[in-house]
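Observations on chain architecture
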Amino acid sequence: MDAERVMRQLEAAGWRCVHDAEEPKGEVCVINTCGFIGDAKEESINMILQMAERKKKGKLKKLIVMGCLSERYRAELEAELPEVDAYYGKFDFMNMVSALSSSKTFCPELRLRVPNTLRTVLSEDKRLLEGCSIYERHLTTPKHYAYLKISEGCNRMCSYCAIPLITGRHTSRPKEEILEEVRWLVSQGVKELNVIAQDLSSYGLDLYKGERLKVKGEGKHLLPELVDEMAQIEGVEWIRLHYAYPTDFPEALLDVMAKHKNVCKYLDIALQHCTDHMLGLMRRHITREEQDKLIRKIREKVPGICIRTTLLVGHPGETEEDFEELKAWVKEMRFERMGCFAYSDEEGTYANKHYKDDVPQEVKDARVAELMAIQQEISGELMGKFVGKTERVIIDRIEGDYAIGRTQFDSPEVDCEVLITVSGERLPVIGDFYDVKITKAEEFDLYGEII
Ligand code: SF4
């Protein structure tokens, strides 16, 4: 989403931008990097090397790197990869826009934060935009859905996480600005808004200080209010919420989710672990009992909700007993969607400074595989319950003999899909909703027919 804003600003400055070109032919290649965990860092560096090679062969004039990786390791990158013409971090991208700009029509107020890894290839274009608002962007997602970032940064300081080191303190965008952006997105044909934040639960805590924070625990969370107002904007068909934090979860949100049909019965809430021993070491500020109580409450107040969670195994100090308890808990909680990651030791984090990375890599990998096998079985059972039901499905794309879509219980790119058999005569329209009768289920996909 932030990269989309950069592209829009560059277009306003007279550049033609192509997103994620396989073999860039433009004059300038901008690589927007990620540097949160080892895999992402490696992917970003490989991409830089690949593009540096193209530059060497004369296929690119300029190579620019921006984003989290260069925010975190700029000096090291400058020393190791001099083929790159300029480095920018996560917060100074406007300097890049200025440096590249052939006009002064970009927005001075633009605030761009977390980028995704992508390449943006730029070439000169005679067409200049009139200038643009701070919420406008060059959408790179299919026209019918978009990501909507409502805050940046995180104050939680979980032991293993480098995000707060890169993004800084939690900062909410003003509600009015977000609502304005929603209206603009709807005017562009967006029907599904995927709301994101590093810590969704804290939205609003930093706004209206003094008024809202006088009474601890009362009226301080603005997320329920924001979602309620978003849901009333005409044209908003689906709102989907990502990355809630369990401690201080704003429970009034559950009433808003139950009240509005266009707020998907879906919540992405990373729980990471379940034992009090590990939750303590991870500095999650929650106990197993509190966490379980919250999950029960979410399911009770929003019946049929799909909960997606993420777990972390192999964190320093995780014993066999912790892992056995985690497996039993996953079987008991039966999350509709679940992902699992192995701990990676990140410089500067609390865990890196205070703990020994004492779980061998092969044990971490085996634990991930074991948990995912358990989840695969659970998912198969839960998905089987959809057979015979009719679900509202949005069509994302057509592939061979199938129209591929999603129900309200699935987020784009990460969750399950519905494969709908189509005949050549009347293909469903991408971005439209259809009632689909589910005829078959697999662990991570459904099959169905439009009725
Ligand atoms: S809440 Fe999420 S982003 Fe914040 S420190 Fe914990 S894991 Fe990282």
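Look above for the structure.
Read on for a plain summary of the structure.

About the cut-offs
- Residues numbered from 1 in each chain as written.
- Predicted model: local features only at pLDDT ≥ 70, side-chain atom pairs only at ≥ 80, totals over all residues.
- Pairing = 2+ DSSP bridges.
- Helix = DSSP H or I, 4+ residues; strand = E, 2+ residues; numbered from the N terminus.
- Axes fitted to C-alpha atoms, helices over the stretch in contact; angles between N-to-C directions.
- Contact = placed C-beta atoms within 7 Å.
- Near = placed C-beta within 6 Å.
- Nonpolar A, V, L, I, M, F, W, Y, C, P; charged D, E, K, R; others polar.
- Right-handed = clockwise from strand over helix to strand, strands pointing away.
- Core = buried A, V, L, I, M, F, W, Y, C linked by C-beta atoms within 7 Å.
- Buried ≥ 20, exposed ≤ 12 C-beta atoms within 10 Å, placed from the backbone.
- Domains from an automatic or database assignment.

**Comments concerning the sheet that holds strand E10 (residues 238–244)**
- With respect to topology, six strands assemble into an open sheet ordered E6-E9-E10-E11-E12-E13, the strand pairing being parallel. Each end of this open sheet is capped by a strand with a single partner; those strands are strand E6 (145–149) and strand E13 (337–342). Neighbour-to-neighbour, the strand axes of the sheet open up by a mean angle of 15°, direction not taken into account.
- Against the sheet, helix H7 (residues 223–231) contacts strand E9 (192–196), E10 and strand E11 (263–269), and its axis sits at roughly 160° relative to E10.

**Remarks on the site of the ligand**
- The local shell around the ligand consists of Cys-154, Arg-156, Met-157, Cys-158, Cys-161, Ile-163, Pro-164, Gln-198, Asp-199 and Tyr-245.
- For the shell around the ligand, the residue count by class is seven nonpolar, one polar and two charged.

**Examining the pairing of E13**
- Examined bridge by bridge, strand E12 (residues 306–313) and E13 share six bridges and lie parallel to one another. Across the sheet, Leu-311 pairs through a bridge with Cys-340, a residue of E13.
- Read from E12 through helix H11 (residues 320–333) to E13, the crossover connection turns out right-handed.

**Some details on the nonpolar core**
- Membership of the largest hydrophobic core comes to 94 residues, with the highest contact counts inside it found for Val-65, Leu-148, Leu-193, Leu-226, Val-227, Ile-239 and Leu-267.
- Summarising the domain contributions, this core has at least three residues from each of domain 1 (2–124) and domain 2 (145–384).
- Once you skip the residues sitting within four places of it in the chain, Leu-193 turns out to touch Ala-146, Leu-148, Val-182, Leu-185, Met-230, Val-236, Ile-239 and Arg-240.
- Counting residues in hydrophobic clusters, the runner-up holds 13 residues, among them Val-393, Val-418, Ala-441 and Leu-446.

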